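Chains, contacts and geometry: an overview
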Amino acid sequence: MYNVEYIRILISFADGSIGIMSFITNSPRDGWRRDASTEEIEKEISKTSSAYISNKLPVKKWRIIKEEDIPKDREFRDAWMEKDGNIQYNIEKAKKIHLDNLRKQRTPLLEQKDKEWMKAIGQRKNSEADRIEKERQLLRDLPILEVEAAFTIEQLKLIKLRA
């Protein structure tokens, strides 16, 4: 129906991280237009960064980018950085993100295994309790070494929980 027109702005922060902002230039439904002038963009960046960016990092610089410059895969978007004019990944940040995701996946699995283990102990099924304990230990032993050894996002994505 209404085609909103916008441009994409890459914002670089003082810590090396980046953000992507959609700067609307034409909103037919709302009946307004604005120019993508430096002044208008900087005003919007200032307003947006103070209101929505939780870490309130100072903006170092910004530039207009094309849609195709933005990675399609957003799984590790919090690890994006700008290097040599391109959006790339900060692999150390991506590793932390991946470990956090593995921990979140692990929690309900551990809770289930804890219930199974308690039931086996309660029923004095020691061999079953021992088997379940080994499964629990596998879950506790996150694949930290594999994550630390990863050099690429593709390698990180291949690392899963062991249980």
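Please read all numbers here as calculations on a predicted model, not as lab measurements.

Attention shifts here to the sheet that holds strand β4 (residues 59-65). Read from one edge of the open sheet, 4 strands run β3-β2-β1-β4, paired in antiparallel fashion. One side of each edge strand has no neighbouring strand; the edge strands of this open sheet are β3 (32-33) and β4. Where strand β1 (residues 5-13) meets strand β2 (residues 18-27), 8 bridges bridge the pair, whose relative direction is antiparallel. Residue Leu10 lies in a different strand from β2, and its bridge partner there is Ile20.

For the rest of this paragraph, the subject is unusual backbone geometry. In this structure, Asp84 takes a positive phi of about 55° despite not being glycine. Mapped onto the secondary structure, Asp84 falls in the loop between β5 (80-83) and β6 (86-89). Residue Asp84 is classed as exposed on the basis of its relative accessible area of 70%. In this structure, Arg124 takes a positive phi of about 60° despite not being glycine. Counting through the fold element by element, Arg124 comes out in the loop between α2 (91-122) and α3 (126-140).

Another aspect to go through is the nonpolar core. Counting 15 residues, the largest nonpolar core has Phe76, Ala94, Leu102, Val147 and Leu156 as its most contacted members. Of all the secondary-structure elements, those providing two or more residues to this core are α2 and α5 (153-158). Per-element tally for this core: the top contributor is α2, with 5 residues. Apart from the residues within four sequence positions on either side, Leu102 is in contact with Leu142, Pro143, Val147, Ile159, Lys160 and Leu161. In this structure, Phe13, Met21, Ile41 and Ile45 belong to the second largest nonpolar core, which totals 7 residues.

Let us now look at the pattern of salt bridges. Throughout the structure, instances matching the rule amount to 17 salt bridges. Lys113 serves as the salt-bridge partner of Glu116, at 3.3 Å between the closest nitrogen and oxygen. Taken as a pair, Glu116 and Lys113 lie in helix α2 at a separation of 3 residues, close to a single helical turn. In the salt-bridge network here, residues are joined through shared partners; they are Lys113, Glu116, Arg131 and Glu135.

Let's shift gears to the side chain of Asn26. Take Asn26: it is sitting in strand β2. Note on Asn26: relative accessible area 11%, which makes it buried. For Asn26, the residues in contact, after removing those within four places along its chain, are Asn3, Val4, Glu5, Trp32 and Arg33.

Thresholds applied
- Each residue is numbered by its place in its chain's sequence as written, counting from 1.
- Only residues with pLDDT of at least 70 get local features here, since the model is predicted, and only at 80 or more are side-chain atom pairs given and counted; chain-wide, interface and lining totals rely on the full set of residues.
- The basis for every side-chain value is the complete set of heavy atoms in the structure, and neither hydrogens nor water enter the calculation.
- For two strands to pair, DSSP has to find at least two bridges joining them.
- Helix and strand assignments follow DSSP, with helices taken as H or I runs no shorter than four residues and strands as E runs no shorter than two, numbered in order from the N terminus.
- Residue burial is assigned from relative accessible area. The probe radius is 1.4 Å, only protein chains are included, and a residue is buried under 20% of its type maximum, exposed over 50%, and partly exposed in between.
- What is meant by a nonpolar core is a set of buried Ala, Val, Leu, Ile, Met, Phe, Trp, Tyr and Cys residues, joined one to another through side-chain atoms within 4.5 Å.
- The contact rule is simple, with two residues in contact once any of their heavy atoms fall within 4.5 Å.
- Should a side-chain nitrogen of Lys or Arg be within 4 Å of a carboxyl oxygen of Asp or Glu, the pair is scored as a salt bridge.

From the geometry alone we can't say anything about function, so treat these as descriptive.
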